[in-house]
Amino acid sequence: MRITRSVAGRRRRTAITATTGLTVTALLLTGCGDSSDSGNGADADGNITLTIADFGQFGYKEAGLLEKYHELNPKITIKEDTTAEEKNYYPKLLQQLNSGGGLADVHGIEVGRIKEIVDTKADSFADLGRTIDVDAWVSWKAKQATAPGGKVIGAGTDIGPMSLCYNRELFEKAGLPTDRAEIAKRTAGGWDDFLALGEEYKKNAPKGTYFMDSASAMFNAVVSSSPEQYYDAEGKPIYKESASVKKGWDLAAEAASKKLTQGLAQFEDQWQAALRKSTVATVVCPAWMAGQISTYAGDANKGKWDITSSPGGTAANWGGSFLAVPESGRNVEEAAKLVRWLTAPEQQAAVFKAIGVFPSNKGAYELPDVKDATLPYFNNAPIGQIYADGAKSIPEAVIGPKDGVIKDSISTQINNMEQRGTSPADAWKAATQTVDKAIG
């Protein structure tokens, strides 16, 4: 769900490994029919190759789903073309849409881009609402990919309900409680309580360690918990007046000024090294982030981390993607069938088990691979319960066409406050200038 995500910072590489546990019987329940008679892209023997273009890590390889689909549909072979960085993937997708050439049968689209695609390129994609039960997704997920006329251009893959990951060993060394319920209690008042806990950590922090990795991550978590973020319901950019943006910015500036953060750009080499060396005590944790931590912290830190609810128990969504089918593809019907199968409950549960990205399909929440899920790496944290509880109360947020640009621009200037000592006023001025130029 995918990540480096420059948009919202989501790089979905993970070291969580597990077998999918899916039987052929369970997979067949999702409705794969015989595809040998499908249309224009078949060779003389009726064989079809479907291509998926995506970014970061959607989890299909790790969960063994593409091979399983071929087993169920022997005449269909699937090839996945993955771009590591979403910031490199998206401009290429726009070029392909504008030229009409080079498109795959299925394309991944990041949530921070979906509004722009809906507004400007909806005619380029097939209407998946004709073949997929969009009511199966959390309601706001379906709306994000729905054009004004009702056309659904993307099927929801995953969402990013919020939690807090913390290093139990560092907390213990700093004299803080390590029990996840106690941490939740100490931060029950919200992000102000979280920063207060950070100041307590700082008093006895092990040498060379910091309370959090990045103030920009906290900013994103704060903004993501609000229905009104960077745009209003009429589509007007309001990020300069947005209450959630102001709150997130002020908290980030406070964290930077109090030296509670190591000031790391998430997913970059220094951030990865910090996890490996255990120099950060907390990381704001949308569901997909656990895989990042386990990957880069490595086996040596297994069991040292834990997961609790986000400060204040505030429900928020950070991240998530869609699968879309270009209307001009040679195998539109078969591609739509594949998308329907990949986003069905059983397959989304398998991806969650394999790499930890949380399903957008509500039907997956009652499956054992989701509701009973724990993460051994994180002290057996009950992630199925933590994330499902959060997912049920995430507010429906207004998504704008340039959400990704706005997030990235503000995050860059928060990093400048942390790393360069840029004043909040100068950083905000630089952020708004960059955004205003980008959005026109």
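As a reminder, the structure under discussion sits directly above these lines.
Our subject in this report is the structure included herewith.

What counts, and at which threshold
Residues numbered from 1 in each chain as written. Predicted model: local features only at pLDDT ≥ 70, side-chain atom pairs only at ≥ 80, totals over all residues. Heavy atoms only, no water. Helix = DSSP H or I, 4+ residues; strand = E, 2+ residues; numbered from the N terminus. Phe/Tyr/Trp six-rings, centres within 6.5 Å; stacked < 30°, edge-to-face > 60°. Buried < 20%, exposed > 50% of the residue type's maximum accessible area, 1.4 Å probe, protein only. Lys NZ or Arg CZ within 6 Å of the ring centre and 35° of its normal. Core = buried A, V, L, I, M, F, W, Y, C linked by side-chain atoms within 4.5 Å. Contact = heavy atoms within 4.5 Å. Disulfide = S-S within 2.5 Å. 1 Å grid on protein atoms, 1.4 Å probe; cavity = no way out; pocket = protein on both sides within 12 Å on 5 of 7 lines; lining within 4 Å. Points joined across faces, edges and corners; volume = space filled by probe spheres on them. Nonpolar A, V, L, I, M, F, W, Y, C, P; charged D, E, K, R; others polar.

**A look at unusual backbone geometry**
Right, on to step 1. A positive phi angle, close to 55°, is found at S278, a residue other than glycine.
Right, on to step 2. Tracing the backbone through its elements, the reader meets S278 in the loop between helix 11 (269-277) and strand 6 (280-286).
Right, on to step 3. Of note, the phi angle at N379 is positive, near 55°, even though the residue is not glycine.
Right, on to step 4. Turning to its location among the elements, N379 is positioned in the loop between helix 15 (368-371) and helix 16 (383-391).

**Some remarks on the packing of aromatic side chains**
Centre-to-centre distance and the angle between the planes together describe a pair of aromatic rings.
Right, on to step 1. The tally for this structure, following the rule as stated, stands at 20 aromatic pairs.
Right, on to step 2. A ring pair is formed by W288 and W318, whose centres lie 5.6 Å apart and whose planes are at 85°; its orientation type is edge-to-face. Within this pair, whereas W288 is found in the loop between strand 6 and helix 12 (289-297), its partner W318 is found in strand 8 (residues 317-324), the two being separated by 30 residues in sequence.
Right, on to step 3. Aromatic side chains F358 and Y387 sit 6.1 Å apart centroid to centroid with 65° between the ring planes, which places their arrangement in the edge-to-face category. Within this pair, whereas F358 is found in strand 9 (residues 358-359), its partner Y387 is found in helix 16, the two being separated by 29 residues in sequence. For the residue pair F358 and Y387, the accessibility class agrees, reading buried in each case.
Right, on to step 4. Three or more aromatic residues link up through ring pairs in this structure, and these residues are Y166, F171, W191, F194, Y201 and F211.
Right, on to step 5. The aromatic ring of F322 is capped on one face by K141, whose charged end is 4.1 Å from the ring centroid.

**Quick look at the nonpolar core**
Right, on to step 1. Counting residues in each nonpolar core, the largest one holds 136 residues, and the members touching the most others are M218, I293, I307, F358, F378 and I410.
Right, on to step 2. Other than its neighbours up to four places away in sequence, F358 contacts T157, D158, I159, P161, A287, F352, Y365, V370, G384, Y387, A388 and A391.

**Things to note about the state of the cysteines**
Right, on to step 1. Summed over the entire model, instances satisfying the criterion amount to one disulfide.
Right, on to step 2. In this model, C165 is linked to C285 through a disulfide, with the two sulfur atoms separated by 2.0 Å. A torsion of -100° about the S-S bond marks the disulfide between C165 and C285 as left-handed. Taken together, the residues span a long stretch of sequence, with C165 in strand 4 (residues 155-167) and C285 in strand 6 at a distance of 120 residues. Across the pair, C285 and C165 agree in class, each one buried.

**Quick word on empty space enclosed by the protein**
Any empty space left between the atoms is revealed when a probe the size of a water molecule rolls over them.
Right, on to step 1. Going through the model one piece at a time under the given rule, you end up with three cavities of 30 Å³ or more.
Right, on to step 2. Taken together, 16 residues line the largest cavity, and the ones lying closest to its centre are Q144, Q229, N317, A397 and I399.
Right, on to step 3. Those elements that place two or more of their residues in the lining of the largest cavity are helix 4 (111-121), helix 5 (139-144), strand 8 and helix 17 (403-420).
Right, on to step 4. Here the lining of the largest cavity takes three residues from strand 8, the largest share from any one element.
Right, on to step 5. Along the lines of polarity and charge, the residues of the lining of the largest cavity split into seven nonpolar, seven polar and two charged.

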